[in-house]
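# A look at the structure
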Amino acid sequence: MSDTQTSSGANALQSLSVPFQSKVTASTRLSADDIAALGKTREGRWQPGLTDQPLHSEIFASASDGSGAGLALALARDAIRVAGENSDPLTDAHDRRQVLWVQDTRSIQRSGRPYTHGLPAELRDRLIHVEAKAPEDALFALEEGLRCRDLVCVIGEIIGNPRALDFTASRRLSLTAEKHEVPLWLIRLDAAPELSSARMRWQASCAPSLRPLWNLNAPGTPAWKAELFRARSHAPGEWILSNDDGRLHTRKRYKAPVAANTQGLGDLVRPTVGRSLAAYARA
Amino acid sequence: MAIWFAQLSVDRWRHTLAPEAGGVNPGEGADALPTVLIIETAHGPRIEAVNTAGHEAGARVGMMLADARTLCPDIQTAPADPAGDLDFLEKLALWSQRWGPWSALDPPDGVLVDITAAAHLFGGERRLLADVEEAFAQRKLHVRTAIAPTAGAAWALAHFGPPRAILGAEANGIQRLADLPVAALRLDTDVLTVLRRLGLKRLGDLAAIASGPIDQAEAAARDAIHRRFRNRKSPSANPLVRLDQLLGKVPEPLLPIVPQHAPLVQRRLMEPIRHRSLLDQVLSDLADDMVRELEAQRQGARRLELGLWRVDGEVTVRRLELASATREAEHITRLFTDKLEGIDAGFGIETVRLRASWTEPLGASQGDVEEAAERHGTSLNACIDRLTVRLGPHRVRRPVSYPSHLPERAQRWQPPLDPEPSALSPFALRDRPLKLLDRAEAIAVLYASPDGLPQRFRWRGNVHEVARVEGPERIAPEWWREKSTVRLRDYYRIEDAEGHRYWIYRHGIAGDGRGGAPDWYLQGIYA
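Residues numbered from 1 in each chain as written. Chains lettered and ligands numbered in written order. Predicted model: local features only at pLDDT ≥ 70, side-chain atom pairs only at ≥ 80, totals over all residues.

### With respect to the sheet that holds strand β2 (residues 35-41) of chain B
Residues and elements named next belong to chain B. Put simply, the rule reads: Between any two strands, pairing holds if DSSP finds at least two bridges. Only runs of H or I of at least four residues qualify as helices and only runs of E of at least two qualify as strands under DSSP, and these elements are numbered from the N terminus. Lines fitted to C-alpha atoms define the axes here, with helix axes fitted over just the stretch in contact, and angles between the N-to-C directions of these axes take values from 0 to 180 degrees.
In space, the three strands of this open sheet follow the order β3-β2-β4, with mixed pairing throughout. At either end of the open sheet lies a strand with only one pairing partner, and these are β3 (44-50) and β4 (76-79). Across this sheet, the average inter-strand angle for adjacent strands is 45°, counted without regard to direction.

### As for the pairing of strand β19 (residues 501-507) of chain B
Residues and elements named next belong to chain B. Cut-off, in case you're wondering: Three classes are used. A residue is buried when 20 or more other C-beta atoms lie within 10 Å of its own, exposed when 12 or fewer do, and partly exposed in between, with C-beta atoms placed from the backbone.
Burial analysis of β19 places six of its seven residues in the buried class, which makes it a mostly covered element. Taking the residues that link successive antiparallel strands as the turn, the strand β18 (residues 489-496)-β19 hairpin has four residues, and the phi of Gly 499 there is positive, at about 100°. Summarising the sheet, β19 and strand β20 (residues 519-525) pair through six bridges and their orientation is antiparallel. Paired with Ile 504 across the bridge in β20 is Leu 522.

### Structural notes on helix α1 (residues 8-17) of chain B
All names here are of chain B. To keep it simple, the criterion reads: A residue pair is marked as a contact if its C-beta atoms, positioned from the backbone, fall within 7 Å.
Burial within α1 is extensive, with seven of its ten residues counted as buried. Those residues of α1 not exposed but buried are Leu 8, Ser 9, Val 10, Asp 11, Arg 12, Trp 13 and Arg 14. Against the buried residues of α1 lie β1 (2-5), β2, β3, β4 and α4 (82-95).

### Section: the confidence of the model for chain A
Low-confidence regions, as indicated by low pLDDT, have predicted coordinates that should not be scrutinised in detail. All names here are of chain A. Put simply, the test is: For every residue, the predictor reports its confidence as pLDDT, a number between 0 and 100.
With 71% of its residues at a pLDDT of 70 or more, chain A shows a mean pLDDT of 78. Segment residues 1-27: pLDDT under 50, and zero contacts once partners within four positions in sequence are set aside and those in other chains are kept. Confidence over residues 253-265 falls short of pLDDT 50; this stretch has nine contacts with residues more than four positions distant or in other chains.

### So, the interface of chain A and chain B
Many analyses report the size of an interface as the accessible area lost when the parts associate. Worth spelling out the cut-off: The residue classification treats Ala, Val, Leu, Ile, Met, Phe, Trp, Tyr, Cys and Pro as nonpolar and Asp, Glu, Lys and Arg as charged. All others, Gly included, are polar.
In this assembly, 45 residues from chain A lie in contact with 45 residues from chain B. Per-class residue counts for the side of chain A that touches chain B are 20 nonpolar, 16 polar and nine charged. Of the pairings in the sheet, the one linking strand β3 (residues 113-114) of chain A to strand β15 (residues 435-448) of chain B comprises two bridges and is antiparallel in character. By the bridge assignment for β15(B), Pro114(A) is matched with Lys435(B).

### Structural notes on the confidence of the model for chain B
Residues and elements named next belong to chain B. Scored by pLDDT, chain B has a mean of 84; 93% of the residues are at 70 or more. When pLDDT is averaged over each helix and strand of chain B, the minimum, 58, is found for helix α14 (residues 369-376) and the maximum, 93, for β20. Interface scoring of the predicted complex returns ipTM 0.74; its pTM is 0.52.

Laid out in structure tokens, this is it:
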């Protein structure tokens with residue numbers, strides 16, 4: 001009797017488990033409607049790891065610190081990672097496409113050239129550097145890079161507000177990027193945010209780095225204060241971003257109560273749970 | 001098989017006398033008179049070639065014309081044409097490939113044909129030689145031929161051996177060749193003089209010394225001759241090497257002659273063309289064909305010849321030279337359109353032919369780049385090409401690591417598509433800045449902590465307050481390539497109060513005897 005009961009119970013469990021599992025898989029693979037609904041609940045807030053990465057972003061930064069290049073690289077790596085996760089694993093196991101880094105001569109003088117030993121390991125041997133004499137040449141190189149299907153992304157550095165980089169030029173870049181789907185991160189050093197058609201515009205500056213675990217007096221993992229002041233699909237906001245362990249993280253803007261499970265680890269990244277940090281910052 | 005054109009220049013000269021009849025027969029017409037072919041030298045005209053009558057009259061090759069005139073006052077002269085002779089010899093070498101799969105030039109007046117395993121097609125070697133002599137006799141060319149296992153032996157037999165000599169593979173080569181003079185070794189004249197003075201006149205003499213039975217005197221002679229030609233590396237200056245080549249003990253590479261076909265396209269027209277617009281259409285069709293032809297051969301045209309054959313027997317040729325190898329039909333058409341102004345069609349043009357007489361290798365490139373790029377995006381190569389063309393090759397580069405500890409030497413730049421140099425071991429440098437300034441900039445230390453570190457410094461007019469430091473990382477100069485006065489560097493990673501992260505170094509240490517108080521520099525910027 002009890003035997004039959006247990007067996008029937010087991011049967012019932014097994015028969016139950018199948019729809020249950022299918023329900024789980026359905027929830028992990030969200031349909032487009034679900035994503036749209038989720039997007040609404042997120043209030044259009046930007047956060048790292050979004051799949052709908054804009055193809056043309058501008059990052060305004062000072063020429064005398066590395067925040068612009070650092071944030072651009074971090075965003076680019078985030079976008080590459082997301083694209084790699086979402087692509088078909090069979091077709092493109094390992095993306096070895098190149099990164100084009102365009103600088104004009106004055107920005108090289110002011111902020112230096114990329115240094116291969118300081119680059120992230122996965123981009124170290126995939127970088128092609130272009131030194132453009134004038135901003136016009138830099139814009140030409142950027143556009144040519146955006147047209148190239150063998151580039152994973154294009155990073156540009158242009159100092160100041162050259163006459164050549166007006167709204168028309170930025171619109172050209174936007175359209176080319178969107179046509180060929182090569183993302184562009186344009187770092188504007190020491191520039192005033194003029195009219196531009198960039199889909200996202202950031203103001204970047206340095207933030208005190210995360211304290212390393214062992215040597216508390218040493219500079220740690222770099223962090224940047226990033227202000228999204230214009231975006232087409234996201235609300236503006238301000239974040240402290242850091243690129244720990246190869247992923248882009250947001251961090252509380254100012255000293256926040258340390259979460260219970262991270263106590264004693266110093267000022268490490270707090271796990272983002274619950275509501276968005278950006279909303280927190282706005283509140 | 002060696003074919004020696006004993007009188008190539010004279011034979012060619014006879015050809016030019018009566019081109020339609022294939023040349024005058026030897027000893028007839030103008031050839032009956034003593035004639036010399038002369039070349040102008042600094043000391044006056046010199047005789048390059050002599051016909052039979054001239055030889056009988058006493059003229060010799062290498063003589064000055066004035067000397068020959070004293071011997072034979074009524075001697076006729078004609079200019080020699082060495083370049084034309086060589087050109088003719090090339091054609092003959094190609095033509096000689098009818099007897100073997102490949103042939104090589106033997107300038108100035110010989111051709112070597114490889115007839116290995118081909119003689120049976122002509123009924124044996126003897127018949128092959130007869131066929132060769134008959135074929136050249138029909139062309140009124142004097143030839144002497146020989147077949148031997150090595151090119152050197154064949155050459156020797158053709159020049160100095162009996163006519164139609166055949167040296168089989170199994171025959172003892174040196175026995176058959178022993179009676180030939182040492183000149184059969186294809187040596188320079190000064191070496192021949194040396195050998196004559198040494199008393200070595202026949203091949204047999206030389207072979208006996210070089211590889212004969214050893215007794216006391218022979219060994220001494222062998223040593224002497226080895227020493228005499230010890231430093232002669234070129235085969236034509238070393239009779240021992242030549243002898244070994246003749247006997248097949250040393251390989252003798254020959255350069256085979258390969259025909260080059262100039263790309264040629266033509267249109268024969270059903271109706272003779274009399275109007276310019278139709279001609280333009282034909283021209284653009286021809287240009288398309290030519291581009292296809294060139295593409296198949298991976299060549300680009302440098303010179304193009306457009307021939308227009310008219311119904312009434314006139315031929316008009318227009319030539320075009322291009323600045324660089326080109327394979328663009330539109331470009332070619334446009335350039336020819338200008339050349340065709342004012343052409344006389346007469347009763348009509350029936351054949352149009354386009355020939356690329358000078359081509360250069362041109363790699364395949366993407367056709368119609370703009371249109372394809374609009375659709376699919378460009379390839380990396382095309383992108384790099386465009387950037388390089390506009391910005392210059394030294395502005396589009398890839399950073400690669402280089403095994404050095406000095407930060408600015410640890411990175412080198414190379415063309416973007418070159419393969420990365422393989423390092424023995426990956427050179428791992430920790431905590432390097434994201435960007436490096438081209439030149440380290442001096443910073444003014446306003447306040448230093450007791451251990452010598454700057455607490456507050458000024459860089460580019462801004463004062464930075466150092467909040468966190470890690471260091472020093474001491475990087476010594478590379479003593480094996482720098483002077484001993486170069487100072488070492490102590491690198492520090494610093495972060496200031498606002499979070500700017502820099503890589504600064506102290507150039508030298510106080511009291512290192514290489515200058516005064518050490519300066520501070522900022523070299524890198526962290527992300």
